[in-house]
Structures are given as structure tokens and as C-alpha cells.
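Observations on chain architecture
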Amino acid sequence: MEQSATLDIETLKITQEQFILASQSLHLQRPGCDAGVYPVGLYGWRKRCIYFFLLLLLVTMIVNLALTVWIIKVMNFSLDGMGNLQLNQDGIRLEGISEFLLPLYVNEIQSRRDSLLVLRSEKNVTLNVRNDQGQLTGQLTVGPEAVEAQCQRLEVRSKDGGKLLFTATEEEVIMTTEKFTITGSEGAVFGHSVETPLIQSRASEDLKLESPTRTLTMEAPRGVEVSAAKGPLKVSGRKDLQLESTEGEILLDANTIQLGSLPDGVYAASPTQASHEQAVYEVCVCPSGKIYLSPAESTSTCQAMSNICLWS
């Protein structure tokens, strides 16, 4: 029994050594392979995940391509521009309404021949002009309450650009039009002097020159002419009305000259002998220049010591 067990053990050892030698011989038959070759592959849920991500990527690319084609079609992309924005040799042409969120710098803005150019803003529209150094030289602001222009010289010309109609500088304002019309109900208010060759009202309206709190002075080197061709001429003042000619005369040329509201003087030996039915008077002048009426007689009834002259 012991011998048989020993033989079995030795037999197993021999078989094991043969297996090792056989395996080594097989290994030695492949001199080009330094290590074992292990096949690699994706199987199961990993393979399904990879296919799912590839399919998702393909769908995303197709959607992006479709959106790109749709945007190009909607925005009207072309070789000349994008949609309403066209690029020409002369510049950029923009159709429709556009909004600019940041400042716009251009040399010229021009509308189409058959439409207007409209600049719209919720607050105001400001146009600035700067020199080469970046300093502000001119500004035009169109606001909700006023239109303001800041510049050294403001000019308004005719539609052909040849005739100068209005000029405003810091020193003076010049209007070169043939007629300047003011249609306001209150007229025009001038704080200082006005130089003009003619002041004329419309054919159906009155002309009124008034100074409510000061004097009204009209001067000219060759005379002042005030005429009313088809109506009365009225000159009134709260205090004195003075007509003065330094080198000439004052001529009142009319068929009838009336001086109303003159005081009546009395000429009689006594006040009780004065007639209350006197119809004819003569004009008398006091040494002070005051004029009054005196009852007319065969001779002059003017008295230098009249009570009207004494109390004037």
C-alpha cells in the first residue's frame, strides 16, 4: 500500500513536470511576443451607452445644421449683406427701423429719395461734432421741451444752399430775408434797440408800437416817416408827448387839425359877464408852451397872465 501511494505521488510529479515543460516549449515557439495578448472589447451596457452618445451627438449636429439654415433663410444672409443691412461700395444701406444701443460714428446719414429720415429717441437726440483732438466744437440737441444748438456760428440757408437767410453768432443775429413776419397775438418783445428800414402790419391788421413802462424812441439820420394809408394814426402816452426837430421844422399838413381836451379860458371884464354860449375860440399859447382856448373877439383875447398859464 505504501509503495502504491508513493508511486502515485511520483507519477503526479512527473505529470506536473511534463505539463510545465510542455507549456514552456509552447512559449518558446513564439519568440516575437514578449507578453501575452489579451483581446479588448466593449460588451454589455458599456456598448449600449457608447452607441447612445453617438446617436445623441448625431442628432445634435443635425439640429444645429437645421437651425443654421433656418437663421440664414430668415435673416436673408447673402453676399451683399444680412437681411435689411446691405453692404455697397458707397457704404451701408439699412432698410426699416433699427435700434442702436451704443454710439454710432458715421460720416453721413442719408435717407432714400422717396422717404424721410427719422431719428427717434425716448429722451432726446444729440448730434456732436468734434475736432481732431476730440474737443466738442458743435452740438445739436433735440429734446422734449426745446431744440438747443451750441456752436460758434449758426446759419440757415435756402433750399438750394445759395442764399443765406439767418445767421446767429455771439455778437449779433442777422436775417437777410425780404420780409420777417410775426404772427403771435402778443406781437414781438425787444429788450434793446431794433434797427430796421420798415415796420409794416398786414393789410387787415393794425400796427401798434408800445413801451408799457419806458419811453418809445424812434431815430433816423434822415427822418422818421409814420404813415397810415387807409386808417387813422394814433400817438398816445401816459405822460409827455414830445415832438422835437433840432435843425428843421415840424409840419402839420391836413385839411382839419383838431386839438381836443384843451382847457377853456375866460375873457371878460368880470366873470359874471362871460357868455356861456360862446361858439368861436382862438388858440392861445402860454410862455411855458401850454395851449388853451380863449373866446374869440374882434381882437386877441389871449392873456399871458391867464389863470391857466399861472397854474400850468
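Computed from a predicted model, the values in this text were never measured in an experiment. (Residues numbered from 1 in each chain as written. Predicted model: local features only at pLDDT ≥ 70, side-chain atom pairs only at ≥ 80, totals over all residues. Heavy atoms only, no water.)

Side note on the sheet that holds strand S7 (residues 154-157)
Put simply, the rule is: Two strands make a pair as long as DSSP finds a minimum of two bridges between them. Every helix listed is a DSSP run of H or I at least four residues long, and every strand listed is a run of E at least two residues long, numbered separately from the N terminus. Every axis in this analysis is a line fitted to C-alpha atoms, fitted for helices over the stretch in contact. Angles between the N-to-C directions lie between 0 and 180 degrees.
If you trace the three strands from one edge of the open sheet to the other, you get S7-S8-S9, paired in antiparallel fashion. Looking along the sheet, the strands with just one partner apiece sit at the ends: S7 and strand S9 (173-175). Averaged over all neighbouring strand pairs, the angle between strand axes comes to 10 degrees, with direction disregarded. Examined bridge by bridge, S7 and strand S8 (residues 164-168) share four bridges and lie antiparallel to one another.

Quick word on the pairing of strand S6 (residues 147-150)
Two elements, strand S5 (residues 136-142) and S6, share four bridges in a ladder whose sense is antiparallel. Within the sheet, the bridge partner assigned to Gln139 lies in S6 and is Gln150. Linkage of S5 to S6, two consecutive antiparallel strands, is achieved through a turn of four residues.

Topic: the sheet that holds S5
Judged by pairing direction, the sheet is antiparallel, and its three strands sit side by side in the order S4-S5-S6 without closing on themselves. Two strands bound the open sheet, and with one partner strand each, they are strand S4 (125-130) and S6. Direction aside, the axes of adjacent strands within the sheet are offset by 10 degrees on average. For S4 and S5, the ladder comprises six bridges, and the chain directions are antiparallel. Within S5, the position partnered with Arg130 by the bridge is Leu136.

Comments concerning the pairing of strand S11 (residues 291-295)
Note the cut-off: Here's how the labels work: a residue is buried when its accessible area is under 20% of the maximum for its type, exposed when over 50%, partly exposed in between, all with a 1.4 Å probe on protein chains only.
For S11, the buried fraction is high: four of the five residues fall into the buried class. Here strand S10 (residues 281-285) runs beside S11; their pairing, made up of five bridges, is antiparallel. In the strand pairing of S11, Glu282 is matched with Ser294.

A few points about the UniProt feature "transmembrane region" (unreviewed entry) in the protein chain
Test applied: UniProt positions are given in the numbering used here, feature names are shortened, and annotations may be inferred rather than shown by experiment.
According to UniProt, the "transmembrane region" (unreviewed entry) feature falls on residues 50-72. In residues 50-72, helix accounts for 100% and strand for 0%; the two terminal C-alpha atoms are 33 Å from one another.

Details of the state of the cysteines
Rules: Our working definition of a disulfide is a cysteine sulfur pair at a distance within 2.5 Å.
A complete count under the given rule lists two disulfides for this structure. The disulfide bridge from Cys284 ends at Cys302, spanning 1.8 Å between sulfur atoms. Between Cys284 and Cys302, the S-S torsion sits near -80 degrees, and that sign places the bridge as left-handed. A residue pair is termed long-range when its members are at least 10 positions apart, and Cys284 in strand S10 and Cys302 in the loop between S11 and helix H3 (307-310) qualify at 18 residues. Between the sulfur of Cys286 and that of Cys309 lies a disulfide, 1.8 Å long from S to S. Its torsion about the S-S bond being -80 degrees, the disulfide of Cys286 and Cys309 is classed as left-handed. Taken together, the positions of Cys286 in the loop between S10 and S11 and Cys309 in helix H3 put the pair 23 residues apart, joining distant regions of the chain. Across the pair, exposure class does not vary: Cys286 and Cys309 are buried alike. Sequence-ordered numbering of the disulfide-bonded cysteines in the protein chain gives the connectivity 1-3, 2-4.

Some remarks on helix H2 (residues 45-74)
Basically, it comes down to this: For a helix, the expected span equals 1.5 Å multiplied by the number of residues minus one.
Its 30 residues place the ends of H2 43 Å apart at the C-alpha level, agreeing with the 44 Å of an ideal helix rising 1.5 Å per residue. Phi for Asn76, located one or two positions after H2, is positive at around 55 degrees.

A short note on the pattern of salt bridges
Rule in force here: What counts as a salt bridge is simple: a side-chain nitrogen of Lys or Arg found within 4 Å of a carboxyl oxygen of Asp or Glu.
What the rule picks out here adds up to three salt bridges. Notably, a salt bridge pairs Glu155 with Arg153, separated by 2.5 Å at the nearest N-O pair. With relative accessibility at 33%, the residue Glu155 sits in the partly exposed group. Under the relative-accessibility criterion, Arg153 is labelled partly exposed at 44%. For Glu210, the salt bridge is made with Lys208, and the minimal N-O distance between the two is 3.4 Å. Both residues of the pair, Glu210 and Lys208, count as exposed. One salt-bridge network, held together by shared partners, links Arg153, Glu155 and Arg157.

Side note on the environment of Phe166
Structurally, the position occupied by Phe166 is in strand S8. Since its relative accessible area comes to 24%, Phe166 is described here as partly exposed. Sequence separation of Phe166 and Leu154 is twelve residues, and the distance between their C-alpha atoms is 7.9 Å.

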